[in-house]
Amino acid sequence: MSGTIGVYSFDESFFGELSRSLYSGLVTISDRGESGAGICLVNPSGEVNFQKGFGKVDVAIPREIIKISAMCGIGNTRYAREKFPRIENTQPVRLNIPENDRYDCYVSADSAFIPSFLDGVTQELKKLGYKCETLTGAERIGATFLMQLKKTDNISDSSAYTIDKLDGGGGYSSTILLKDKNKGLDGITLIALRDSYGVKPFYFGERDKTFYLNSETYWLEKEGVEKIEEVNRGGGVIISKNGVITFQLINRSIKLENLQNTQFQDPRFRKTHQIIKQ
């Protein structure tokens, strides 16, 4: 078991508080994982600060991190399943991609996959040129998403494809922090994905142009989030400078629909898109 968390703010006055908020959220859900914890932040200039370590949140992550100004971030607390924990398996996981690649991608997940299914995903990714370096479901979720993104250059399609591809293999709630180096701040995207059966809890809320994702509701309530809803089962949330989209797959099928370029006058607006195969 583990806990996953994410924050994205459109409110520049909140950037100085976002790191504190995210750190506080990790402490709140620390009972979901005390083997290790990690945090990944993107500052207003688009630079990434990534730290993780063994133990509880206050041991694994230096508290000084709350002083960092950030526009978005993700975090994770994890119980290790392996007998001898490795730091590579502590989340978030940075995907195994070259430094000169167009994308930089960090993934956190609370997941429970059937081992044989996960092995199959690992082998398929290997055929596509991606080598998994951790034992985590988070890396398989993120790599499945990223390899599809490299084909389509379409975040909404890659999100839907990932949910469809992993359907039936287990339960998960996952946050993906994506940086497209070619697009500057417009290329910073926070993505939330959830399995079609809703096995793992996952919640979504908004307060003052700041959007929150978490495995539990308590922290959202603590942050003053009034409207809290479940992340769609077999769906998710995509948050970027373009706006906020929630979506859901219907009948485990997908439609190639470019939601990424949808423009919203109000960044707080969100709409559920039912992606149906035609």
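Remember, predicted model here, so these are calculated numbers, not experimental data. (Residues numbered from 1 in each chain as written. Predicted model: local features only at pLDDT ≥ 70, side-chain atom pairs only at ≥ 80, totals over all residues. Heavy atoms only, no water.)

A.B. asks: For the pairing of strand E2 (residues 36–42), give the residues involved together with the corresponding values.
C.D. replies: The element E2 is largely enclosed, with a buried count of seven among its seven residues. Judged by which residues are buried, E2 turns out to be covered on both faces: Gly 36, Gly 38, Cys 40 and Val 42 on one side and Ala 37, Ile 39 and Leu 41 on the other are all buried. Two strands pair when backbone bridges link them, and E2 and strand E3 (residues 48–54) are joined in this way by seven bridges, in the antiparallel orientation. Its bridge partner lying in E3, Gly 36 is registered against Phe 54. Two elements, E2 and strand E4 (residues 72–78), share seven bridges in a ladder whose sense is antiparallel. Paired with Ile 39 across the bridge in E4 is Gly 75. (Buried < 20%, exposed > 50% of the residue type's maximum accessible area, 1.4 Å probe, protein only. Helix = DSSP H or I, 4+ residues; strand = E, 2+ residues; numbered from the N terminus. Pairing = 2+ DSSP bridges.)

A.B. asks: Would you mind going over helix H5 (residues 155–166) in detail, with residue names and values included?
C.D. replies: Here H5 is 12 residues long and its end C-alpha atoms lie 17 Å apart, about the 16 Å a rise of 1.5 Å per residue gives. Counting buried positions along H5 yields nine of 12 residues, so the element is predominantly enclosed. Residues of H5 that are buried: Ile 155, Ser 156, Asp 157, Ser 158, Ser 159, Ala 160, Thr 162, Ile 163 and Leu 166. Phi for Gly 168, located one or two positions after H5, is positive at around 85°. (Expected span 1.5 Å × (residues − 1).)

A.B. asks: How would you summarise the sheet that holds E4 if you had to cite specific residues and measurements?
C.D. replies: Within the open sheet, the seven strands sit side by side as E3-E2-E4-E1-E10-E9-E11. Their pairing is antiparallel. Each of the sheet's edge strands pairs with one partner strand only, and the pair in question is E3 and strand E11 (227–230). Pairwise comparison of adjacent strand axes, ignoring direction, gives a mean angle of 10° for this sheet. Judged from the four bridges that link them, strand E9 (residues 203–207) and E11 form a sheet pairing that is antiparallel. Residue pairing for E11: Glu 206 is matched across the bridge by Lys 227. (Axes fitted to C-alpha atoms, helices over the stretch in contact; angles between N-to-C directions.)

A.B. asks: I'd like to hear about the packing of helix H3 (residues 115–127) against helix H4 (residues 137–152), residue by residue, with values.
C.D. replies: Where H3 meets H4, the axes come as close as 10 Å, and the angle between the chain directions of the two elements is 40°. In terms of axis orientation, H3 runs oblique to H4. In the crossing of H3 with H4, the sense of the turn from one axis to the other is left-handed. On H4, the residues that touch Leu 118, Val 121, Thr 122 and Leu 125 of H3 are Gly 137, Arg 140, Ala 143, Thr 144 and Met 147. The class makeup of the residues in the contact of H3 with H4 is five nonpolar, three polar and one charged. (Parallel < 35°, antiparallel > 145°, perpendicular 65-115°, else oblique. Left-handed = near helix turned anticlockwise from the far one by under 90°. Contact = heavy atoms within 4.5 Å. Nonpolar A, V, L, I, M, F, W, Y, C, P; charged D, E, K, R; others polar.)

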